[in-house]
Amino acid sequence: MKKIMLVCNAGMSTGILAKKIEAASENSVKVSAYSESEYKDYLSDVDLVLIGPQIRFLLPQIEAAVNVPVQAISPVKYGMMDGKGVYEDIKSLIGG
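What you are looking at is a predicted structure, and each value in this text was computed from that prediction instead of being measured. (Residues numbered from 1 in each chain as written. Predicted model: local features only at pLDDT ≥ 70, side-chain atom pairs only at ≥ 80, totals over all residues. Heavy atoms only, no water.)

Re the overall build of the chain
Turning to step 1, where the next piece is worked out: Scanning the chain from terminus to terminus reveals four helices and four strands.
Turning to step 2, where the next piece is worked out: Whereas a compact globule of 96 residues would reach a radius of gyration of roughly 12 Å, the chain reaches 12 Å, a difference of no more than 12%.
Turning to step 3, where the next piece is worked out: Along the three orthogonal principal directions, the C-alpha set of the chain runs to about 30 × 25 × 20 Å.
Turning to step 4, where the next piece is worked out: Scored against the burial criterion, the 96 residues of the chain give a buried share of 40%.
Turning to step 5, where the next piece is worked out: Counted over contacts in the chain with a minimum sequence separation of 6, partners at least 24 positions apart contribute 63%.
Turning to step 6, where the next piece is worked out: For the chain, the exposed surface amounts to about 5,200 Å²; the carbon and sulfur share of it is 51%.
Turning to step 7, where the next piece is worked out: Here the chain contributes 10 positively and 11 negatively charged side chains, and the mean placements of these two sets differ by 4 Å. (Helix = DSSP H or I, 4+ residues; strand = E, 2+ residues; numbered from the N terminus. Rg over C-alpha atoms; globule rule 2.2 N^0.38 Å. Buried < 20%, exposed > 50% of the residue type's maximum accessible area, 1.4 Å probe, protein only. Contact = heavy atoms within 4.5 Å. Areas by Shrake-Rupley, 256 points an atom, 1.4 Å probe, with all protein chains shown as cover. Lys, Arg positive; Asp, Glu negative; His and termini not counted. Charge placed at Lys NZ, Arg CZ, Asp CG, Glu CD.)

Quick notes on the packing of aromatic side chains
Turning to step 1, where the next piece is worked out: Under the counting rule described, the total for this entry stands at one aromatic pair.
Turning to step 2, where the next piece is worked out: An angle of 5° between the planes, with centres 4.2 Å apart, marks the rings of Y34 and Y42 as stacked.
Turning to step 3, where the next piece is worked out: The exposure class of Y42 is partly exposed, given its relative accessible area of 39%. (Phe/Tyr/Trp six-rings, centres within 6.5 Å; stacked < 30°, edge-to-face > 60°.)

Observations concerning the packing of helix α1 (residues 12–24) against helix α4 (residues 83–94)
Turning to step 1, where the next piece is worked out: Contact pair α1 / α4: the axes reach a minimum separation of 8 Å and the direction vectors enclose 70°. Here α1 lies roughly perpendicular to α4, going by the angle between them. Pair α1 / α4 crosses with right-handed handedness. Contact with α1, carried on its side by L17, K20, I21 and A24, involves G83, K84, V86, Y87 and I90 of α4 and no other residues of that element.
Turning to step 2, where the next piece is worked out: Across the contact of α1 with α4, the residue classes tally to six nonpolar, one polar and two charged. (Axes fitted to C-alpha atoms, helices over the stretch in contact; angles between N-to-C directions. Parallel < 35°, antiparallel > 145°, perpendicular 65-115°, else oblique. Left-handed = near helix turned anticlockwise from the far one by under 90°. Nonpolar A, V, L, I, M, F, W, Y, C, P; charged D, E, K, R; others polar.)

In structure tokens form, the structure reads like this:
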């Protein structure tokens, strides 16, 4: 099972999106959400880091801190809490 980490300012809105992504994947991926201040403590076995659009300016800093792909979530998909759309993006990035 692939492990995906979502990172945003506080981790609350991404927590909702994480559940929608898991549902869209029929629980074939495990998605966890963390704030940008705590994500480094939970990187073990993570396959992909997705960051919320509100902190996409931190992309280079987060890429430098991890050894897995990092991608900003589409602002439209994030705003719509489009779990299926984000799951499709995940599949194209790391396979499904």
